Amino acid sequence: MAMETASCPILKTFCFSTNNSSKLYNVPRKSLSFLPPKNYLSTTSSIGKLYSDGYFVNSSSSFSSSTQDNPPQQLALLLEVEGVLMDVYRLGNRQAFNAAFRKLGLDCANWSQPVYQDLVRKSIGDEEKMLVLFFNRIGWPTSLPTSEKETFMKSVLREKKIALDELVMSKSLPLRPGVEEFIDEAYEEGVPVVMLTSYCKCGEKPARSIIEKLGNDKMARIKILGMEEVKQSFYGQLVFGEGVASDLGEQLAKEARKAVSAEEQRIAKEVASMLKLSVDIDTTSSEEMKNVVAALRAGAEYANVPVDNCVLVAGSQSGVAGAERIGMPCVVVRGSSTARAEFPGAKAIMDGFGGGDLSISRLRQIQRS
(Lines give C-alpha, C1' and ligand atoms only; values in the text may rest on other atoms or scores of the structure.)
Protein backbone atom coordinates (compact mmCIF):
# COMPACT_ATOMS: atom_id res chain seq x y z
CA MET A 1 0.00 0.00 0.00
CA ALA A 2 1.31 3.42 -0.90
CA MET A 3 2.27 5.55 2.04
CA GLU A 4 0.37 8.52 0.66
CA THR A 5 -2.94 6.66 0.70
CA ALA A 6 -2.85 5.60 4.33
CA SER A 7 -6.20 6.51 5.76
CA CYS A 8 -6.74 8.96 8.58
CA PRO A 9 -8.77 6.46 10.64
CA ILE A 10 -5.73 4.17 10.63
CA LEU A 11 -3.49 6.98 11.84
CA LYS A 12 -5.94 7.95 14.55
CA THR A 13 -6.33 4.40 15.80
CA PHE A 14 -2.60 3.75 15.79
CA CYS A 15 -1.58 7.03 17.31
CA PHE A 16 -3.90 7.75 20.15
CA SER A 17 -6.38 4.96 20.81
CA THR A 18 -7.24 4.72 24.50
CA ASN A 19 -8.97 1.33 24.25
CA ASN A 20 -6.69 -1.13 26.03
CA SER A 21 -8.78 -4.16 25.12
CA SER A 22 -6.69 -4.72 22.00
CA LYS A 23 -2.98 -5.30 22.40
CA LEU A 24 -2.49 -4.31 18.79
CA TYR A 25 -3.35 -0.69 19.52
CA ASN A 26 -1.88 -0.45 22.99
CA VAL A 27 1.29 1.33 21.87
CA PRO A 28 3.45 2.61 24.76
CA ARG A 29 3.38 6.41 24.80
CA LYS A 30 7.15 6.51 25.42
CA SER A 31 7.68 4.89 22.03
CA LEU A 32 6.39 7.97 20.25
CA SER A 33 8.01 11.35 20.20
CA PHE A 34 4.85 12.95 18.80
CA LEU A 35 4.54 16.18 20.71
CA PRO A 36 2.57 19.29 19.83
CA PRO A 37 4.82 21.02 17.25
CA LYS A 38 6.58 24.21 18.22
CA ASN A 39 4.33 27.21 17.68
CA TYR A 40 1.44 24.77 17.23
CA LEU A 41 -0.80 27.76 16.90
CA SER A 42 0.11 31.12 15.50
CA THR A 43 -0.81 32.98 18.68
CA THR A 44 0.14 31.80 22.16
CA SER A 45 1.58 28.46 23.19
CA SER A 46 0.07 26.67 26.13
CA ILE A 47 -0.52 23.18 27.39
CA GLY A 48 -3.24 21.42 25.44
CA LYS A 49 -5.09 18.19 26.00
CA LEU A 50 -5.66 14.94 24.19
CA TYR A 51 -9.24 14.11 23.40
CA SER A 52 -10.37 10.53 23.11
CA ASP A 53 -10.97 10.91 19.39
CA GLY A 54 -7.26 11.13 18.85
CA TYR A 55 -6.64 14.79 18.09
CA PHE A 56 -4.52 17.31 19.95
CA VAL A 57 -6.35 20.57 20.55
CA ASN A 58 -4.81 23.55 22.31
CA SER A 59 -7.16 25.03 24.84
CA SER A 60 -6.30 28.54 23.66
CA SER A 61 -6.49 27.61 19.99
CA SER A 62 -7.36 30.41 17.62
CA PHE A 63 -9.16 27.72 15.59
CA SER A 64 -11.50 26.88 18.46
CA SER A 65 -11.77 30.22 20.23
CA SER A 66 -14.85 31.29 18.31
CA THR A 67 -16.58 27.89 18.60
CA GLN A 68 -15.35 26.42 21.87
CA ASP A 69 -18.88 26.28 23.24
CA ASN A 70 -20.23 24.63 20.07
CA PRO A 71 -19.47 21.38 18.25
CA PRO A 72 -16.48 21.73 15.90
CA GLN A 73 -17.24 22.67 12.32
CA GLN A 74 -16.74 19.79 9.93
CA LEU A 75 -14.95 21.98 7.44
CA ALA A 76 -11.41 23.30 7.23
CA LEU A 77 -9.66 25.33 4.57
CA LEU A 78 -6.15 24.68 3.32
CA LEU A 79 -4.89 27.53 1.14
CA GLU A 80 -1.91 27.64 -1.14
CA VAL A 81 -0.16 31.00 -1.16
CA GLU A 82 1.40 31.65 -4.55
CA GLY A 83 -1.38 32.08 -7.08
CA VAL A 84 -4.15 31.98 -4.46
CA LEU A 85 -3.31 34.66 -1.90
CA MET A 86 -1.41 36.65 -4.51
CA ASP A 87 -1.19 36.28 -8.28
CA VAL A 88 2.58 36.62 -8.18
CA TYR A 89 3.19 35.91 -11.85
CA ARG A 90 0.62 38.37 -13.16
CA LEU A 91 1.99 41.12 -10.95
CA GLY A 92 5.73 40.56 -10.97
CA ASN A 93 6.94 38.01 -13.52
CA ARG A 94 7.47 40.42 -16.41
CA GLN A 95 9.23 42.93 -14.15
CA ALA A 96 11.46 40.16 -12.80
CA PHE A 97 12.46 39.07 -16.32
CA ASN A 98 13.37 42.65 -17.24
CA ALA A 99 15.40 42.99 -14.04
CA ALA A 100 17.26 39.77 -14.93
CA PHE A 101 18.00 41.09 -18.43
CA ARG A 102 19.44 44.29 -16.97
CA LYS A 103 21.52 42.35 -14.45
CA LEU A 104 23.05 40.29 -17.28
CA GLY A 105 23.67 43.34 -19.46
CA LEU A 106 21.09 42.36 -22.10
CA ASP A 107 20.08 45.88 -23.09
CA CYS A 108 18.27 44.61 -26.17
CA ALA A 109 15.76 42.72 -24.04
CA ASN A 110 12.96 44.63 -22.34
CA TRP A 111 9.57 42.97 -22.45
CA SER A 112 6.53 45.19 -22.76
CA GLN A 113 3.19 43.82 -21.55
CA PRO A 114 2.01 42.89 -25.09
CA VAL A 115 5.32 41.13 -25.85
CA TYR A 116 5.19 39.25 -22.56
CA GLN A 117 1.57 38.15 -23.06
CA ASP A 118 2.34 36.97 -26.59
CA LEU A 119 5.28 34.88 -25.34
CA VAL A 120 3.19 33.38 -22.53
CA ARG A 121 0.44 32.45 -24.97
CA LYS A 122 2.74 30.87 -27.53
CA SER A 123 4.82 28.96 -24.98
CA ILE A 124 1.83 27.96 -22.76
CA GLY A 125 3.70 29.51 -19.85
CA ASP A 126 6.93 27.50 -20.24
CA GLU A 127 9.60 30.07 -19.35
CA GLU A 128 12.45 28.36 -21.20
CA LYS A 129 10.32 28.29 -24.34
CA MET A 130 9.54 31.98 -23.81
CA LEU A 131 13.26 32.78 -23.88
CA VAL A 132 13.86 30.59 -26.94
CA LEU A 133 10.98 32.24 -28.83
CA PHE A 134 12.16 35.71 -27.92
CA PHE A 135 15.84 35.31 -28.74
CA ASN A 136 15.06 33.37 -31.91
CA ARG A 137 13.05 36.43 -32.93
CA ILE A 138 15.55 39.20 -32.08
CA GLY A 139 18.77 37.21 -32.25
CA TRP A 140 20.90 35.61 -29.55
CA PRO A 141 23.84 37.48 -27.98
CA THR A 142 26.63 37.46 -30.57
CA SER A 143 29.25 36.32 -28.05
CA LEU A 144 27.18 33.27 -27.06
CA PRO A 145 28.25 29.93 -28.59
CA THR A 146 25.37 27.71 -29.72
CA SER A 147 26.47 25.01 -27.28
CA GLU A 148 25.97 27.37 -24.33
CA LYS A 149 22.41 28.47 -25.02
CA GLU A 150 20.99 26.17 -22.36
CA THR A 151 23.47 27.48 -19.75
CA PHE A 152 22.58 31.03 -20.77
CA MET A 153 18.84 30.41 -20.30
CA LYS A 154 19.43 28.88 -16.87
CA SER A 155 21.36 32.00 -15.89
CA VAL A 156 18.47 34.21 -17.00
CA LEU A 157 15.91 32.11 -15.11
CA ARG A 158 18.09 32.06 -11.99
CA GLU A 159 18.42 35.86 -11.99
CA LYS A 160 14.73 36.18 -12.76
CA LYS A 161 13.80 34.08 -9.72
CA ILE A 162 16.06 36.19 -7.49
CA ALA A 163 14.45 39.37 -8.83
CA LEU A 164 10.93 37.97 -8.34
CA ASP A 165 11.71 36.92 -4.76
CA GLU A 166 13.04 40.40 -4.02
CA LEU A 167 9.92 41.94 -5.50
CA VAL A 168 7.67 39.74 -3.36
CA MET A 169 9.75 40.39 -0.24
CA SER A 170 9.46 44.15 -0.83
CA LYS A 171 5.74 43.74 -0.08
CA SER A 172 4.86 46.16 -2.86
CA LEU A 173 2.59 43.67 -4.63
CA PRO A 174 -1.09 43.54 -3.54
CA LEU A 175 -3.08 40.50 -2.42
CA ARG A 176 -5.86 39.18 -4.60
CA PRO A 177 -9.10 41.18 -4.30
CA GLY A 178 -11.56 39.64 -1.84
CA VAL A 179 -9.16 37.17 -0.22
CA GLU A 180 -9.02 39.06 3.08
CA GLU A 181 -12.81 39.13 3.32
CA PHE A 182 -12.84 35.41 2.50
CA ILE A 183 -10.53 34.69 5.47
CA ASP A 184 -12.65 36.91 7.74
CA GLU A 185 -15.77 35.02 6.67
CA ALA A 186 -14.09 31.72 7.49
CA TYR A 187 -13.13 32.95 10.95
CA GLU A 188 -16.63 34.23 11.68
CA GLU A 189 -18.05 30.80 10.84
CA GLY A 190 -15.44 28.97 12.92
CA VAL A 191 -13.72 27.39 9.93
CA PRO A 192 -9.99 26.70 10.51
CA VAL A 193 -7.68 28.20 7.89
CA VAL A 194 -4.25 26.69 7.21
CA MET A 195 -1.76 28.38 4.86
CA LEU A 196 0.56 25.98 3.06
CA THR A 197 4.08 27.24 2.42
CA SER A 198 6.04 23.96 2.54
CA TYR A 199 5.78 23.20 -1.18
CA CYS A 200 5.36 26.73 -2.50
CA LYS A 201 7.22 27.19 -5.79
CA CYS A 202 8.52 30.63 -4.81
CA GLY A 203 9.96 29.28 -1.55
CA GLU A 204 8.86 29.49 2.09
CA LYS A 205 10.40 32.85 2.91
CA PRO A 206 8.69 34.78 0.08
CA ALA A 207 5.45 32.88 0.79
CA ARG A 208 5.51 33.95 4.44
CA SER A 209 6.19 37.50 3.30
CA ILE A 210 2.99 37.36 1.22
CA ILE A 211 1.01 36.05 4.21
CA GLU A 212 2.30 38.90 6.38
CA LYS A 213 0.40 41.32 4.15
CA LEU A 214 -2.77 40.01 5.82
CA GLY A 215 -1.77 41.87 8.99
CA ASN A 216 -1.38 40.70 12.58
CA ASP A 217 -5.11 40.31 13.31
CA LYS A 218 -5.71 37.87 10.47
CA MET A 219 -2.39 36.07 11.01
CA ALA A 220 -3.46 35.37 14.59
CA ARG A 221 -6.46 33.46 13.22
CA ILE A 222 -4.62 31.15 10.84
CA LYS A 223 -1.97 28.46 10.96
CA ILE A 224 1.06 28.69 8.67
CA LEU A 225 2.38 25.28 7.71
CA GLY A 226 5.97 25.19 6.50
CA MET A 227 8.19 22.17 6.05
CA GLU A 228 9.27 22.22 9.70
CA GLU A 229 5.65 22.06 10.88
CA VAL A 230 4.87 19.32 8.35
CA LYS A 231 7.77 17.19 9.61
CA GLN A 232 6.63 17.69 13.22
CA SER A 233 3.11 16.46 12.46
CA PHE A 234 2.35 12.82 13.16
CA TYR A 235 2.00 11.97 9.48
CA GLY A 236 5.22 13.87 8.77
CA GLN A 237 7.06 11.82 11.37
CA LEU A 238 5.96 8.65 9.60
CA VAL A 239 6.81 9.87 6.11
CA PHE A 240 10.10 11.58 6.85
CA GLY A 241 11.21 9.11 9.52
CA GLU A 242 11.58 11.67 12.29
CA GLY A 243 10.44 10.98 15.83
CA VAL A 244 9.34 7.35 15.40
CA ALA A 245 11.33 5.12 17.69
CA SER A 246 12.72 1.82 16.36
CA ASP A 247 11.25 -0.19 19.23
CA LEU A 248 7.79 0.97 18.10
CA GLY A 249 8.42 -0.52 14.66
CA GLU A 250 9.56 -3.78 16.22
CA GLN A 251 6.48 -3.92 18.41
CA LEU A 252 4.14 -3.27 15.48
CA ALA A 253 5.78 -5.99 13.40
CA LYS A 254 5.45 -8.42 16.32
CA GLU A 255 1.80 -7.51 16.90
CA ALA A 256 1.08 -7.81 13.18
CA ARG A 257 2.28 -11.42 13.25
CA LYS A 258 0.21 -12.13 16.35
CA ALA A 259 -3.05 -10.64 15.04
CA VAL A 260 -5.78 -13.27 14.79
CA SER A 261 -8.72 -11.76 13.00
CA ALA A 262 -8.58 -10.84 9.33
CA GLU A 263 -9.48 -7.24 10.14
CA GLU A 264 -6.68 -6.88 12.68
CA GLN A 265 -4.27 -8.45 10.22
CA ARG A 266 -5.28 -5.94 7.57
CA ILE A 267 -4.90 -2.98 9.93
CA ALA A 268 -1.60 -4.24 11.27
CA LYS A 269 -0.20 -4.62 7.78
CA GLU A 270 -1.44 -1.15 6.83
CA VAL A 271 0.24 0.45 9.82
CA ALA A 272 3.41 -1.56 9.27
CA SER A 273 3.36 -0.39 5.66
CA MET A 274 3.61 3.19 6.82
CA LEU A 275 6.73 2.30 8.77
CA LYS A 276 8.29 0.33 5.90
CA LEU A 277 8.09 -2.97 7.78
CA SER A 278 8.05 -6.16 5.65
CA VAL A 279 5.81 -4.69 2.96
CA ASP A 280 6.32 -3.20 -0.46
CA ILE A 281 6.27 0.59 -0.47
CA ASP A 282 5.18 2.55 -3.52
CA THR A 283 8.31 4.38 -4.57
CA THR A 284 6.93 5.77 -7.81
CA SER A 285 5.85 9.08 -6.28
CA SER A 286 8.08 12.04 -6.98
CA GLU A 287 9.68 13.92 -4.12
CA GLU A 288 7.44 16.89 -4.92
CA MET A 289 4.26 14.81 -4.67
CA LYS A 290 5.47 13.26 -1.42
CA ASN A 291 5.90 16.76 0.04
CA VAL A 292 2.51 17.92 -1.25
CA VAL A 293 0.66 14.93 0.21
CA ALA A 294 2.51 15.26 3.52
CA ALA A 295 1.55 18.95 3.70
CA LEU A 296 -2.13 18.24 2.97
CA ARG A 297 -2.36 15.45 5.55
CA ALA A 298 -0.50 17.56 8.12
CA GLY A 299 -2.86 20.46 7.37
CA ALA A 300 -5.88 18.29 8.15
CA GLU A 301 -4.15 17.09 11.31
CA TYR A 302 -3.44 20.63 12.53
CA ALA A 303 -6.96 21.78 11.66
CA ASN A 304 -8.46 18.84 13.61
CA VAL A 305 -10.75 17.90 10.71
CA PRO A 306 -10.82 14.66 8.66
CA VAL A 307 -9.14 14.83 5.26
CA ASP A 308 -12.38 14.47 3.30
CA ASN A 309 -13.93 17.37 5.24
CA CYS A 310 -11.06 19.69 4.37
CA VAL A 311 -11.05 21.70 1.15
CA LEU A 312 -7.83 22.73 -0.57
CA VAL A 313 -7.97 26.09 -2.34
CA ALA A 314 -5.24 25.58 -4.91
CA GLY A 315 -3.49 27.49 -7.64
CA SER A 316 -1.11 24.74 -8.77
CA GLN A 317 -1.40 21.47 -10.64
CA SER A 318 0.68 19.69 -7.98
CA GLY A 319 -1.73 20.75 -5.24
CA VAL A 320 -4.73 19.49 -7.20
CA ALA A 321 -2.98 16.18 -7.93
CA GLY A 322 -2.03 15.72 -4.26
CA ALA A 323 -5.55 16.47 -3.05
CA GLU A 324 -7.04 14.04 -5.56
CA ARG A 325 -4.62 11.33 -4.44
CA ILE A 326 -5.76 11.45 -0.80
CA GLY A 327 -9.44 12.18 -1.43
CA MET A 328 -9.41 15.80 -0.30
CA PRO A 329 -11.87 18.04 -2.17
CA CYS A 330 -10.15 20.80 -4.11
CA VAL A 331 -11.21 24.14 -5.56
CA VAL A 332 -8.94 25.98 -7.99
CA VAL A 333 -8.61 29.75 -8.07
CA ARG A 334 -7.17 30.61 -11.46
CA GLY A 335 -4.16 32.88 -11.83
CA SER A 336 -2.30 34.28 -14.82
CA SER A 337 -0.05 31.23 -15.01
CA THR A 338 -3.02 28.81 -14.97
CA ALA A 339 -5.54 30.78 -17.04
CA ARG A 340 -5.54 28.18 -19.81
CA ALA A 341 -4.80 25.13 -17.68
CA GLU A 342 -7.35 22.39 -17.05
CA PHE A 343 -7.92 20.80 -13.67
CA PRO A 344 -10.03 17.66 -14.09
CA GLY A 345 -9.42 16.67 -10.45
CA ALA A 346 -10.91 19.87 -9.01
CA LYS A 347 -14.51 20.09 -7.79
CA ALA A 348 -14.78 23.68 -9.02
CA ILE A 349 -12.71 26.33 -10.78
CA MET A 350 -13.07 29.98 -9.78
CA ASP A 351 -11.62 33.23 -11.08
CA GLY A 352 -11.29 34.90 -7.69
CA PHE A 353 -12.93 35.58 -4.34
CA GLY A 354 -16.26 37.14 -3.44
CA GLY A 355 -19.18 38.11 -5.63
CA GLY A 356 -20.07 35.18 -7.88
CA ASP A 357 -16.75 33.49 -7.20
CA LEU A 358 -15.41 31.77 -4.08
CA SER A 359 -17.04 32.39 -0.69
CA ILE A 360 -17.52 30.20 2.36
CA SER A 361 -21.21 29.65 1.57
CA ARG A 362 -20.35 28.73 -2.03
CA LEU A 363 -17.63 26.43 -0.75
CA ARG A 364 -20.07 24.61 1.55
CA GLN A 365 -22.34 24.04 -1.44
CA ILE A 366 -19.41 22.62 -3.40
CA GLN A 367 -18.46 20.40 -0.47
CA ARG A 368 -21.95 18.94 -0.27
CA SER A 369 -22.21 18.32 -4.01
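Residues numbered from 1 in each chain as written. Predicted model: local features only at pLDDT ≥ 70, side-chain atom pairs only at ≥ 80, totals over all residues. Heavy atoms only, no water.

As annotated in an unreviewed UniProt entry, the protein carries the name Haloacid dehalogenase-like hydrolase domain-containing protein and comes from Nicotiana attenuata.

**Describing the nonpolar core**
Operational definition: Each nonpolar core is a collection of buried residues, namely Ala, Val, Leu, Ile, Met, Phe, Trp, Tyr and Cys, held together in the definition by side-chain atoms within 4.5 Å. Each residue is placed in one exposure class: buried if its accessible area under a 1.4 Å probe, protein chains only, is under 20% of its type's maximum, exposed if it is over 50%, and partly exposed if it falls in between. Here the bounds of each domain stem from an automatic or database domain assignment.
Core analysis: the largest hydrophobic core is formed by 44 residues, its most contacted members being Leu77 and Leu85. Each of two domains, domain 1 (76–87 + 174–240 + 284–368) and domain 2 (88–170), supplies a minimum of three residues to this core. Counting 34 residues, the second-largest nonpolar core is a separate cluster that includes Leu196, Met227, Val305 and Val320.

**Quick notes on the packing of aromatic side chains**
Geometry of an aromatic ring pair is reported as the spacing of the ring centres plus the angle between the planes. So the rule is basically this: Stacked, edge-to-face and tilted are the three classes for Phe, Tyr and Trp ring pairs, Trp counted by its six-membered ring, which pair at centre distances within 6.5 Å; planes under 30 degrees apart are stacked, over 60 edge-to-face, the rest tilted. A run of H or I in DSSP counts as a helix once it spans at least four residues, and a run of E counts as a strand once it spans at least two, with each numbered from the N terminus. Both a distance and an angle decide whether a charge sits over a ring: NZ of Lys or CZ of Arg must be within 6 Å of the ring centre and within 35 degrees of the ring normal.
Applying the stated rule across the entire model yields twelve aromatic pairs. Arranged with centres 4.7 Å apart and planes meeting at 40 degrees, the rings of Phe97 and Trp111 form a pair that is tilted. Taken together, the positions of Phe97 in helix H2 (residues 88–103) and Trp111 in the loop between H2 and helix H3 (113–123) put the pair 14 residues apart, joining distant regions of the chain. One exposure class covers both Phe97 and Trp111, and it is buried. Pairing Phe101 with Trp111 gives two aromatic rings, centres 5.1 Å apart and planes at 70 degrees, and the pair type is edge-to-face. One end of the pair, Phe101, is in helix H2; the other, Trp111, is in the loop between H2 and H3, with ten residues separating them in the sequence. Residues Phe101 and Trp111 agree in their burial class; the two are buried. An aromatic cluster is built from Phe97, Phe101, Trp111, Tyr116, Phe134, Phe135, Trp140 and Phe152, whose rings are joined through pairwise contacts. When the ring centre of Tyr187 is taken as reference, the NZ or CZ atom of Arg221 above it lies at 4.3 Å. Sitting over the face of the ring of Phe240, Lys231 holds its NZ or CZ atom 5.7 Å from the ring centroid.

**Quick notes on the sheet that holds strand E3 (residues 76–80)**
Under the convention used in this document: Pairing between two strands is assigned when DSSP locates at least 2 bridges connecting them. All axes here are fitted lines through C-alpha atoms, helices being fitted over the stretch that makes contact, and every angle between N-to-C directions spans 0 to 180 degrees. The contact criterion used is simple: two residues touch if any of their non-hydrogen atoms lie within 4.5 Å.
With parallel pairing, the six strands of this open sheet are ordered in space as E5-E4-E3-E6-E7-E8. Here the strands that pair on one side only, and so sit at the sheet edges, are strand E5 (223–225) and strand E8 (348–350). Direction aside, the axes of adjacent strands within the sheet are offset by 25 degrees on average. Judged from the four bridges that link them, E3 and strand E6 (residues 310–314) form a sheet pairing that is parallel. Looking at the pairing, Ala76 lines up with Cys310 of E6. On top of the sheet, helix H13 (residues 287–303) reaches E3, strand E4 (193–196), E5 and E6; it is set at about 155 degrees to E5, its chief contact.

**Some remarks on the pattern of salt bridges**
Going by this rule: Basic side-chain nitrogens of Lys or Arg form a salt bridge, by our definition, when they fall within 4 Å of a carboxyl oxygen of Asp or Glu.
Taken as a whole and judged by the stated rule, the model has 14 salt bridges. Between Lys161 and Asp165 there is a salt bridge, and its shortest N-O distance comes to 2.9 Å. Here the residue Lys161 and the residue Asp165 both occupy positions in helix H5 (residues 149–169), the gap between them amounting to four residues, near one helical turn. You can call Lys161 partly exposed: its relative accessible area is 38%. By relative accessible area, which is 17% here, Asp165 ends up buried. Between Glu229 and Arg208 there is a salt bridge, and its shortest N-O distance comes to 3.5 Å. Within this pair, whereas Glu229 is found in helix H9 (residues 227–232), its partner Arg208 is found in helix H7 (residues 204–212), the two being separated by 21 residues in sequence. Looking at Glu229, the relative accessible area reads 10%, which means it is buried. One salt-bridge network, in which partners are shared between bridges, spans Asp118, Arg121, Lys122 and Arg137.

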